[in-house]
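One letter stands for each residue in the lines below.
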Amino acid sequence: MITKKEIKKLSELARVGLADSEAEKLQKDLVNILDFISKLKEAQVSEIEEEMPELRNVLRDDESPHESAENTAILMKQVPDQEKGYVKVKKIR
Amino acid sequence: MIMQIDLSGLTIKKAHESLQNGEISCCELLSFYQANIKKREPDLHAFLEIFDDAYEQAEKVDEKIKNGQKVSMLAGIPLAIKDNMLITGKKCSAGSKMLENYTAVYDAAVIEKLKKEDLVFVGRTNMDEFAMGSSTEHSAFGLTKNPYDKERVAGGSSGGSAAAVAGQECLASLGSDTGGSIRQPAAFCGVVGMKPTYGMVSRRGLMAMASSLDQIGPFAKTVEDVEIIFNAIKGRDPADSTTVEPSIQNSKFEIKNLRIGVPMEFFPLDASGGMAGIDADVYKNTQQAIDFLKNAGCEIKEISIPSLEYSLAAYYILMPAEVSSNLSRYDGIRYGFKKGGKDLFGDYINTREGGFGREASRRILLGTYVLSAGYYDAYYTKAQKVRRLIRDDFKKVFNEVDIILSPTTPTPAFKAGERMADPVEMYMADIFTIPANLTGLPAISLPNGFCEKDGKRLPSGLQLMAPWFEEGRLFRLGKYFENNF
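In this report, we go over the structure that sits alongside the text. (Residues numbered from 1 in each chain as written. Chains lettered and ligands numbered in written order. Predicted model: local features only at pLDDT ≥ 70, side-chain atom pairs only at ≥ 80, totals over all residues. Heavy atoms only, no water.)

### Quick word on the overall build of chain A
- Within chain A, the secondary structure is distributed over three helices and two strands.
- Each helix and strand of chain A, ordered N terminal to C terminal, gives the series α-α-α-β-β.
- Taken against the 2.2 N^0.38 rule, which gives 12 Å for 93 residues, the C-alpha radius of gyration of chain A at 23 Å runs more than 25% over that of a compact globule.
- Referenced to the eigenvectors of the C-alpha coordinate spread, the extents of chain A come out at roughly 55 × 45 × 25 Å.
- For chain A, the proportion of its 93 residues judged to be buried stands at 25%.
- With an accessible surface of roughly 7500 Å², chain A has 51% of that area assigned to carbon and sulfur atoms.
- Computed over 17 positive and 20 negative side-chain charges, the inter-centroid distance for chain A is 12 Å. (Helix = DSSP H or I, 4+ residues; strand = E, 2+ residues; numbered from the N terminus. Rg over C-alpha atoms; globule rule 2.2 N^0.38 Å. Buried < 20%, exposed > 50% of the residue type's maximum accessible area, 1.4 Å probe, protein only. Areas by Shrake-Rupley, 256 points an atom, 1.4 Å probe, with all protein chains shown as cover. Lys, Arg positive; Asp, Glu negative; His and termini not counted. Charge placed at Lys NZ, Arg CZ, Asp CG, Glu CD.)

Below is the structure:
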């Protein structure tokens, strides 16, 4: 059972705004979905280890960097808010 | 010299032959598909954009052929790309308002490989937003209709890619599959669709949905065409650390005595029920396929994979969890849709509210929930353990059988709007396809007969699963089935 308060909390955590009507609909949907996945409670897995990927920490050597600022222009083209070559954001409180 | 080509009978090999011996030029070939696109798109809406440089691409290939240069099997072949794979300079929106005007700044690994083969990219296809959905109804830009029945969905999330091939708008296409998003629309649209073993195809340049589940794969009309494209796009990529170069799989393959396992949880051979309500025609078609294979000399074994009953639940915990993480990058700061608020928090809230559709929001919040303090162990950790259990069960089962068979979906394509009210109903469409993603196993959907619904013939699909890295088995059995059934 997921409450309106929890929905609001989730919306804040995920930074996804929700109008009241949307929040209400979402609450109903999530209750429905959580009920559906609650089936997992029955699974007997106490002896099982978590699934881990077989490949771990596949890293390349720290060498051969690309030329500095090679991609900057093309990337900056898509930045919605910029000033003097900087990506502009509002102040973090 | 233009000759009339029967597009519906065309394959990559046939097209290649005709191009090589000058019967037809790449531009002419493309023009046939463009004509079909013009005719069918107003109804189908398989594409979000038809690239205006397609003829330019085709001309380059024609030049090469004219100069006597040897070109690859795939040269000049018109291919459509799902709208979540980056092509430099082209818009790429993932079916979302969030990226409606985003322009890709690099080529996805698969695009790089296919460019080397001189394929012609026809356009980007419609999809459920950020690959979340089973019908393409969650696209921010309208749904794609099923070529067999305008009132029904093409499936999803790669609905556009499936419909484009079925509608003869291109010879083949690429899609992505996280929970069945290639195989299910392939089944709904009557084409071949395949999901490789996790790690066989690089995900660099594929917009991530669920990183441990996503794979890119081909759609085509024949198994051989799917195999040709798979071979062109597979391979270890240093820039995708989840890719592998498998040790050569040389396992013997013979139809005679091939052990085919049918999971009773998916397809009870005695029609007694099973996990999903299987449509009567789908059941009949699957049974006929099984009988055919039995008569061909295969050994049909009923197998049991009890942990399958948890696969849907595990998937709908793990996938939203990964989605909530992967979609956190869409914040309107560096690219994409932006809607400002009164402060930084407001910027995020408004941007993500405005940019994401309902299904995407639903899954992000669900993922946030299952990963949050107090719930993490009960949901996410448990689901990871269930995932391990399912993988172990499949490992065991593949000691007894060589291939696992089931219907691809419990029903043929449903009507548009039918499953939008209850998300869980939509999720059930993935019940047979999800295990291949959870385990990383390769799987293919083959067209297998039709279902009669409201006086219309709707395709149904047969799914084959093979052990890890044994795509070869899927192709060999698939070709045998295709040619002899």
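The structure having been displayed, the exposition proceeds.
### Notes on the layout of surface pockets
All names here are of chain B.
- Looking at the largest pocket, its volume works out to about 740 Å³.
- If you list the elements that add at least two residues to the lining of the largest pocket, you get helix H9 (311–326), helix H12 (377–400) and helix H14 (434–439).
- No other element matches H12, which puts five residues into the lining of the largest pocket.
- Classifying every residue of the lining of the largest pocket by side-chain character gives 11 nonpolar, 13 polar and eight charged. (1 Å grid on protein atoms, 1.4 Å probe; cavity = no way out; pocket = protein on both sides within 12 Å on 5 of 7 lines; lining within 4 Å. Points joined across faces, edges and corners; volume = space filled by probe spheres on them. Nonpolar A, V, L, I, M, F, W, Y, C, P; charged D, E, K, R; others polar.)

### Focus: the interface of chain A and chain B
- With 50 residues of chain A at the contact, the number on the chain B side is 60 residues.
- Around 5000 Å² of area is buried between chain A and chain B when both sides are counted, 67% of it from carbon and sulfur atoms.
- Connecting chain A to chain B are five salt bridges.
- Here B:Glu309 makes a salt bridge to A:Lys39, at a shortest N to O gap of 2.8 Å.
- Applying the counting criterion to the chain A and chain B interface returns 14 residue pairs in polar contact (both at pLDDT 80 or more).
- Put simply, the parts of the chain that give the side of chain A that touches chain B at least two residues each are helix H1 (4–14), helix H2 (20–37) and helix H3 (72–76) of chain A.
- Broken down by element, the residue count for the side of chain A that touches chain B peaks at 10 residues, all from H2(A).
- Of the residues that constitute the side of chain A that touches chain B, the class distribution is 27 nonpolar, six polar and 17 charged. (Contact = heavy atoms within 4.5 Å. Buried area = accessible area lost by both parts, 1.4 Å probe. Salt bridge = Lys/Arg side-chain N within 4 Å of Asp/Glu carboxyl O. Polar contact = N/O pair within 3.5 Å; in protein donor to acceptor, adjacent residues only side chain to side chain.)

Distances and angles like these do not, on their own, reveal function.
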